[in-house]
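Understanding the architecture of this molecule
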Amino acid sequence: MRNIHRRTLLKGAVATVIMPAFTRASTSEILLRAKPASVQLVDADHPQTQIWGYNGGVPGPQIRAVQGDQIALRLSNDLVQPTSVHWHGLRVKNSMDGVPGITQKAVLTGEEFLYQLDLRDAGTFWYHSHNRSAEQVARGLYGVMVIVEPDAPDVDRDIVVVLDDWRLDEVAQISEPFGNLHDHSHAGRLGNFIHAMFDSLPAQMATNERLRLRFVNTATDRIMPISLRGVSGWVVARDGMPLKKLEPLGILTLGPAERADVIIDVTAEHDGEVLLIFHDRNQGYVLNDFRVSGAAATVRRPKPTPLSPNPIETLVSVAGARTIPLRMQGGAMGDLQEGLYKGKMLSMRDLVDQGQIWTLNGEAGLPVEPLFETPLHATIVFEMRNDTAFAHAMHMHGTHFQEVLPNDTFGPHKDTVLIQPGEARDFAFVADNPGKWLIHCHMLSHQSAGMKTWFRVG
Ligand SMILES: [Cu+2]
């Protein structure tokens, strides 16, 4: 049995609830003003934390829209650094993908950029800075997008739960500097304050109440294994895409940028409690606890049915597909001797001098030429090989991929996958979204230290 600690990792801290402004998408523009702000991140015994956020909060305004909507979002940059916004997991037009140097110029201080998005898929997505993201996301430049199904499942409450990990000093300010070589060469910048931010806080829960929880791991580098006590439930979607077969809810491990939609029924009795637990090694830490009072119904509802699928192509075969090796190397305790960087072959020592520690297929940083080019509608298989001592959260822009499993079967659609040390796993997709797309580690410390590349479709 695991030990359960009723505290978060930072001494004296308690889990926090932040109620972001809801932004209902409509025909008018949504303004996202990236700017410094001060928020009560930790408890009232600590000072407010200086963050960078959209419209003065973290998370930024929650964008709720209906599948099929078109929305326009105007980014306005009031930061001291250039910035951009990436719509993580949304299958957007390439020019709207928010990647400086690939799909747009970074938005300079005092300037603006208008993003126009077609919301093809329903589900739980998020948006975040894609410029100097290891710093800008760590400072709070992210928010959640909920794209509602026309036939949303019947639940009593639908709640967004953001999981984040902050490195704070003793007066609750974000620790600097960023870009620490030890972080970058190991598991990334890990924090000392882990919390769950609910967009609406259930003051209490009731027996047999049914909730949909939309978990989003917004941490730059922290893998989040979580579980719930006092409930029974199912994972119904991953990375915004409905699962064909619901997964019973056990310990849910979300790598950086991964999402999971969960439907739970409260099984705890009156005067019992529901716990949200973060697991770290053999310890469990209670992030939130909810008192159970009364009953919402006398009996549990039947098991939910799967959500309606999104209009994304589902693989049936990879026969004749083009395979692209994607070998991860480098980092501490790795065996990387040298790597290509900006067209030059450098020794590991020289790479490190450039802040580059990780390679994909022997190259660090964004190559001038794409990793590969493919005509539209071709099927591509990434042969991912993790030859490093650390896990990586590999994220592909533009569409979702599916794991290639035995006997022409395929895993769920995912935009980010956690690949453990030594693992060799294949992920396939149909290249149906034209443009220049990134594939990179979403441990943002690893990305900034080299682990990224790109490809061209069409
Ligand atoms: Cu990584």
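What you see is a predicted model, and the numbers here were worked out from it, not measured in a lab. (Residues numbered from 1 in each chain as written. Predicted model: local features only at pLDDT ≥ 70, side-chain atom pairs only at ≥ 80, totals over all residues. Heavy atoms only, no water.)

Focus: the packing of aromatic side chains
- Summed over the entire model, instances satisfying the criterion amount to 13 aromatic pairs.
- Pairing Tyr54 with Tyr127 gives two aromatic rings, centres 5.4 Å apart and planes at 50 degrees, and the pair type is tilted. Residue Tyr54 is found in strand E4 (residues 49-54), and its partner Tyr127 is found in strand E9 (residues 123-129); the two are separated by 73 residues along the sequence. Both residues of the pair, Tyr54 and Tyr127, belong to the buried class.
- In textbook terms, an aromatic cluster arises when at least three aromatic residues are bridged by ring pairs, as seen for Tyr54, Trp87, Phe113, Tyr115 and Tyr127. (Phe/Tyr/Trp six-rings, centres within 6.5 Å; stacked < 30°, edge-to-face > 60°. Helix = DSSP H or I, 4+ residues; strand = E, 2+ residues; numbered from the N terminus. Buried < 20%, exposed > 50% of the residue type's maximum accessible area, 1.4 Å probe, protein only.)

Here's the deal with the layout of surface pockets
- Computed from the structure, the largest pocket encloses a volume of approximately 330 Å³.
- For the largest pocket, the lining is made up of 16 residues, of which Pro242, Leu243, Lys244, Pro412 and His413 are closest to its centre.
- Of all elements in the fold, only strand E17 (241-248) and strand E31 (409-414) reach the threshold of two or more residues within the lining of the largest pocket.
- With 6 residues, E17 is the single largest residue contributor to the lining of the largest pocket. (1 Å grid on protein atoms, 1.4 Å probe; cavity = no way out; pocket = protein on both sides within 12 Å on 5 of 7 lines; lining within 4 Å. Points joined across faces, edges and corners; volume = space filled by probe spheres on them.)

A short note on the coordination of the copper ion
- All of the protein donors around the copper ion are His392 (ND1), Cys441 (SG) and His446 (ND1); their distances to the metal are 2.0 to 2.1 Å.
- Of note, the copper ion draws all its donor residues from one chain, in the sequence arrangement H-x48-C-x4-H. (Donors = N, O, S within 2.8 Å, 3.2 Å for Na, K, Ca; no water.)

A few points about the sheet that holds strand E29 (residues 392-396)
- The strand order across the open sheet formed by 5 strands is E27-E35-E34-E29-E32, and the pairing between neighbours is mixed. Of all the strands in the sheet, just strand E27 (373-374) and strand E32 (416-419) have a single pairing partner and so form its edges.
- For strand E34 (residues 435-441) and strand E35 (residues 452-457), the ladder comprises 6 bridges, and the chain directions are antiparallel. What sits directly across from Leu438, in E35, is Trp454. (Pairing = 2+ DSSP bridges.)

A look at the domain arrangement of the protein chain
- Under the domain assignment used here, the protein chain contains domain 1 (18-151) and domain 2 (322-457).
- On a C-alpha basis, the centroid separation for the pair domain 1 and domain 2 is 25 Å.
- On the side of domain 2, 22 residues touch domain 1, which itself brings 19 residues to the contact.
- In this assembly, domain 1 and domain 2 are joined by 0 salt bridges.
- Taken together, the links from domain 1 to domain 2 amount to 12 residue pairs in polar contact (both at pLDDT 80 or more).
- Elements with a minimum of two residues in the side of domain 1 that touches domain 2: strand E7 (85-88), E9 and helix H1 (133-136).
- For the side of domain 1 that touches domain 2, the element with the highest residue contribution is E9, accounting for 3 residues.
- Counted by class, the side of domain 1 that touches domain 2 contains 7 nonpolar, 8 polar and 4 charged residues. (Domains from an automatic or database assignment. Contact = heavy atoms within 4.5 Å. Salt bridge = Lys/Arg side-chain N within 4 Å of Asp/Glu carboxyl O. Polar contact = N/O pair within 3.5 Å; in protein donor to acceptor, adjacent residues only side chain to side chain. Nonpolar A, V, L, I, M, F, W, Y, C, P; charged D, E, K, R; others polar.)

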